[in-house]
Amino acid sequence: MLDAITAHSVHVGGPSAGHTAKLINNLLCATHLQITGEALRVAQAAGLDPERVVDAVNAASGRSAVTEINLARWVLPGTFDSGFTLGLMARDVALAAQTATALGVDAPLVDDVNRTWQQTRDRLGAEADFNRMAQP
């Protein structure tokens, strides 16, 4: 059944393992968006062109799906129409933080990322595109 709806699936474990893996994936994406936005704001403050900096990053070790895809499609052109809301990402980040706590994992960066996503959702609105987190 999964082959009919996705190009690639990975079995990660038993019941609820896929949900946890999805939360981890979204936590990483959310963290990349957050730090990428901060890095681009530093670049702009230094007088650098964000598009040129992204080109340099994508040719170096700092690249990620966020810098290669999200920035090019939604952030740098300012379209912010990915179809995934800031509220949904904030929810997933909160669930990832709750999961870490429930499992007894010391994850202070997860807590910081969670706090920032909740604040950004409250400031920009839950319906805003989640890529606004990386807005330079």
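For the structure, check the block above.
Residues numbered from 1 in each chain as written. Predicted model: local features only at pLDDT ≥ 70, side-chain atom pairs only at ≥ 80, totals over all residues. Heavy atoms only, no water.

## A few points about the environment of R115
In this structure, R115 sits in helix α6 (residues 108-124). For R115, a relative accessible area of 44% translates into the label partly exposed. Taking C-alpha positions, R115 is 25 Å from S16, a pair spaced 99 residues apart along the chain. (Helix = DSSP H or I, 4+ residues; strand = E, 2+ residues; numbered from the N terminus. Buried < 20%, exposed > 50% of the residue type's maximum accessible area, 1.4 Å probe, protein only.)

## Here's the deal with the packing of helix α3 (residues 50-58) against helix α4 (residues 65-75)
The interhelical angle for the contact between α3 and α4, taken along N-to-C directions, is 150 degrees, at an axis separation of 9 Å. Judged by the inter-axis angle, α3 sits roughly antiparallel to α4. Crossing of α3 over α4 shows left-handed handedness. Residues V54, V57 and N58 of α3 touch α4, and the partners they reach there are T67, E68 and L71. Taken together, the residues that form the contact of α3 with α4 break down as three nonpolar, two polar and one charged. (Axes fitted to C-alpha atoms, helices over the stretch in contact; angles between N-to-C directions. Parallel < 35°, antiparallel > 145°, perpendicular 65-115°, else oblique. Left-handed = near helix turned anticlockwise from the far one by under 90°. Contact = heavy atoms within 4.5 Å. Nonpolar A, V, L, I, M, F, W, Y, C, P; charged D, E, K, R; others polar.)

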